[in-house]
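This is what each chain is made of:
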Amino acid sequence: MGSFGWNCSVCDNPVLGDPRPGYKKFGLAVALFPNGDRISGTYDGYGRVRGMEIRESGAFKLVHQVCLKGQTYEQL
């Protein structure tokens, strides 16, 4: 199993699976889906947010929690 990297759909910086001290906020993510569902939590670097698989869920957009200001999937 390899790691998977995505950039935030708002700021275009990486969502970190193993954030270093001072960068923990970049490991907290929200996966947004076209149907309006969301998964929030820590990104593990292996395609899971809060332990839930997002890679195989179909279309999604990944955003840092600090960057999400109420935007919907369509607005990103």
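Conventions adopted
- The residue numbers shown here count from 1 along each chain, following its written sequence.
- Confidence filtering applies because this is a predicted model: local features only for residues at pLDDT of at least 70, side-chain atom pairs given and counted only at 80 or more, and all residues used for totals across whole chains, interfaces and linings.
- Hydrogens and water are ignored here; the side-chain numbers use all heavy atoms of the structure.
- Think of a nonpolar core as a cluster: buried Ala, Val, Leu, Ile, Met, Phe, Trp, Tyr and Cys residues, connected wherever their side-chain atoms sit within 4.5 Å.
- Each residue's exposure class comes from its accessible area (1.4 Å probe, protein chains only) as a fraction of the maximum for that residue type: buried when under 20%, exposed when over 50%, partly exposed otherwise.
- Every helix listed is a DSSP run of H or I at least four residues long, and every strand listed is a run of E at least two residues long, numbered separately from the N terminus.
- Contacts are residue-level and defined by heavy atoms, with any inter-residue pair within 4.5 Å sufficient.
- By this definition, two strands are paired if DSSP reports at least two bridges between them.
- Polar contacts here mean pairs of N or O atoms no more than 3.5 Å apart (in protein, one a potential hydrogen donor and the other a potential acceptor; neighbouring residues in sequence count only if both atoms are side-chain atoms).
- Between N-to-C directions, angles span 0 to 180 degrees; the directions come from axes that are lines fitted to C-alpha atoms, helices contributing only their stretch in contact.

Draft legend 1. Spatial organisation of the nonpolar core. The biggest cluster of nonpolar side chains holds 17 residues, and the ones touching the most others in it are Ile54 and Leu62. Elements represented by at least two residues in this core include exactly strand S1 (28-32) and strand S5 (61-64). Sort the elements by how many residues they give to this core and S1 lands first, with 4 residues. Apart from residues lying up to four places away in sequence, Leu62 is in contact with Trp6, Asn7, Cys8, Ser9, Val15, Ala29, Val30, Ala31, Tyr43, Val49 and Ile54.

Draft legend 2. The pairing of S1, seen in detail. When you tally the buried positions in S1, you get 4 out of 5 residues, the bulk of the element. Following S1, the chain reverses through 5 residues before pairing antiparallel with strand S2 (residues 38-42); Gly36 in that reversal takes a positive phi of roughly 100 degrees. With 4 bridges joining them, S1 and S5 adopt antiparallel strand pairing. Bridge pairing in S5 places Ala31 opposite Leu62.

Draft legend 3. Highlighting the side chain of His64. Inspection of the secondary structure assignment puts His64 in strand S5. Reaching out from His64, the side chain makes a polar contact with the backbone oxygen of Pro14 at a distance of 2.9 Å. If sequence neighbours within four positions are ignored, His64 has contacts with Cys8, Cys11, Asn13, Pro14, Val15, Lys25, Phe26, Leu28 and Ala29.

Draft legend 4. Structural detail: the environment of Gly47. Mapped onto the secondary structure, Gly47 falls in the loop between S2 and strand S3 (48-49). Spatially, the C-alpha atoms of Gly47 and Gln65 are 16 Å apart, while their sequence positions differ by 18 residues. In this structure Gly47 touches Phe4, Trp6, Met52, Glu53, Ile54 and Arg55, once residues within four positions along its chain are discounted.

Draft legend 5. Spatial organisation of the sheet that holds S5. Taken in spatial order, the 3 strands line up as S2-S1-S5 in an open sheet, and their pairing is antiparallel. Both edges of this open sheet fall to S2 and S5, since each of them pairs with a single strand only. Here the average twist between neighbouring strands, direction ignored, is 20 degrees.

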